[in-house]
Amino acid sequence: MRTFHLGSRIWLPTPPGEVFPFFADPSNLELLTPPWLRFEILTLPPAGMAVGARLDYRLRLRSIPVSWQSEITRWDPPHAFTDEQRRGPYRRWVHRHGFAEQDGGTLVTDDVAYAVAGGRLLNHLLVQPDLRRIFAYRRACLRTRFGAPAG
């Protein structure tokens, strides 16, 4: 199984202690997800975010309805957390979120390791371009939400 990687970074003029809680609230996922995905949270973890918490949601990938479940496998506020797909469209999905203090603000990093059924060709033609668009949308939302400079 071939694993692909996608990285995204944005600097926000807000300290990690204020940025992390925004990401720790699963309802903000809807704000950071492009409308064309028709993202909808189905269940939230009853005890809040922590290692072992699971989130269920539904979305549409290229108009195909998809159910997805993620589990939090690392929880280190306000520095990092990791979610891993337990059920969904990918053969593998591990998303590491990082929050590092930098220049009076926060460097937010996203590192995703993923595998798709169709390998390199499907990734090159469909998956990677879609993921780049999704993360560009996310960065634009974060710039607006936290008043970050364009770039």
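Just above, that's the structure.
Scoring rules and cut-offs
- Residues numbered from 1 in each chain as written.
- Predicted model: local features only at pLDDT ≥ 70, side-chain atom pairs only at ≥ 80, totals over all residues.
- Heavy atoms only, no water.
- Salt bridge = Lys/Arg side-chain N within 4 Å of Asp/Glu carboxyl O.
- Buried < 20%, exposed > 50% of the residue type's maximum accessible area, 1.4 Å probe, protein only.
- 1 Å grid on protein atoms, 1.4 Å probe; cavity = no way out; pocket = protein on both sides within 12 Å on 5 of 7 lines; lining within 4 Å.
- Points joined across faces, edges and corners; volume = space filled by probe spheres on them.
- Helix = DSSP H or I, 4+ residues; strand = E, 2+ residues; numbered from the N terminus.
- Nonpolar A, V, L, I, M, F, W, Y, C, P; charged D, E, K, R; others polar.
- Pairing = 2+ DSSP bridges.
- Phe/Tyr/Trp six-rings, centres within 6.5 Å; stacked < 30°, edge-to-face > 60°.
- Contact = heavy atoms within 4.5 Å.

Draft legend 1. Inspection of the pattern of salt bridges at higher detail. This structure, assessed with the given rule, holds eight salt bridges. The partner of R74 in a salt bridge is D76, and the shortest N-O contact between them spans 3.5 Å. Here R74 falls in the partly exposed class, since its relative accessible area comes to 42%. Notably, a salt bridge pairs R86 with E84, separated by 3.5 Å at the nearest N-O pair. Residue classification places R86 among the partly exposed positions, given a relative accessible area of 38%.

Draft legend 2. Representation of empty space enclosed by the protein within the structure. If you walk through the whole model with that rule in mind, you get one cavity of 30 Å³ or more. Considering only enclosed or pocket space, the largest cavity measures out at about 30 Å³ in volume. Around the largest cavity, the lining residues are S8, R9, I10, V108, D110, F135, R138, R139 and L142. When residues of the lining of the largest cavity are traced back to their parent elements, those giving at least two are strand 1 (4-12), strand 7 (105-115) and helix 3 (119-146). Considering every element that reaches the lining of the largest cavity, the biggest residue donor is helix 3, with four residues. For the lining of the largest cavity, the per-class residue count stands at four nonpolar, one polar and four charged.

Draft legend 3. Region of the structure containing the layout of surface pockets. Quantified by volume, the largest pocket comes out at close to 800 Å³. What lines the largest pocket is a set of 38 residues, and nearest its centre among them are L59, W68, Y90, W93 and L131. Contributing elements (two or more residues each) for the lining of the largest pocket: helix 1 (16-24), helix 2 (29-32), strand 3 (54-61), strand 4 (64-76), strand 5 (80-87), strand 6 (92-102) and helix 3. Here the lining of the largest pocket gets eight residues from one element, more than from any other, and that element is helix 3. Class assignment for the residues of the lining of the largest pocket results in 28 nonpolar, five polar and five charged.

Draft legend 4. Spotlight on the pairing of strand 4. Bridge count between strand 3 and strand 4: eight bridges; the pairing is antiparallel. Bridge pairing links L55 to S70 in strand 4. Where strand 3 folds back onto strand 4 in an antiparallel hairpin, the turn is made up of two residues, including R62, whose phi is positive at roughly 50 degrees. As judged from the seven bridges shared by strand 4 and strand 5, these two strands associate in the antiparallel manner. What sits directly across from R74, in strand 5, is T82. The antiparallel pairing of strand 4 with strand 5 creates a hairpin that spans three residues between the two strands.

Draft legend 5. Structural context of the packing of aromatic side chains. Summed over all chains, the structure comprises 17 aromatic pairs. Note on Y90 and Y114: the rings are 6.0 Å apart at their centroids and 75 degrees apart in plane angle, and the pair reads as edge-to-face. On the criterion of sequence distance, the pair formed by Y90 in the loop between strand 5 and strand 6 and Y114 in strand 7 is long-range, its members being 24 residues apart. For Y114, a relative accessible area of 0% gives the class buried.

Draft legend 6. Just the environment of V94, in detail. The residue V94 is located in strand 6 in this model. If sequence neighbours within four positions are ignored, V94 has contacts with T82, D83, E84, D111, V112 and A113.

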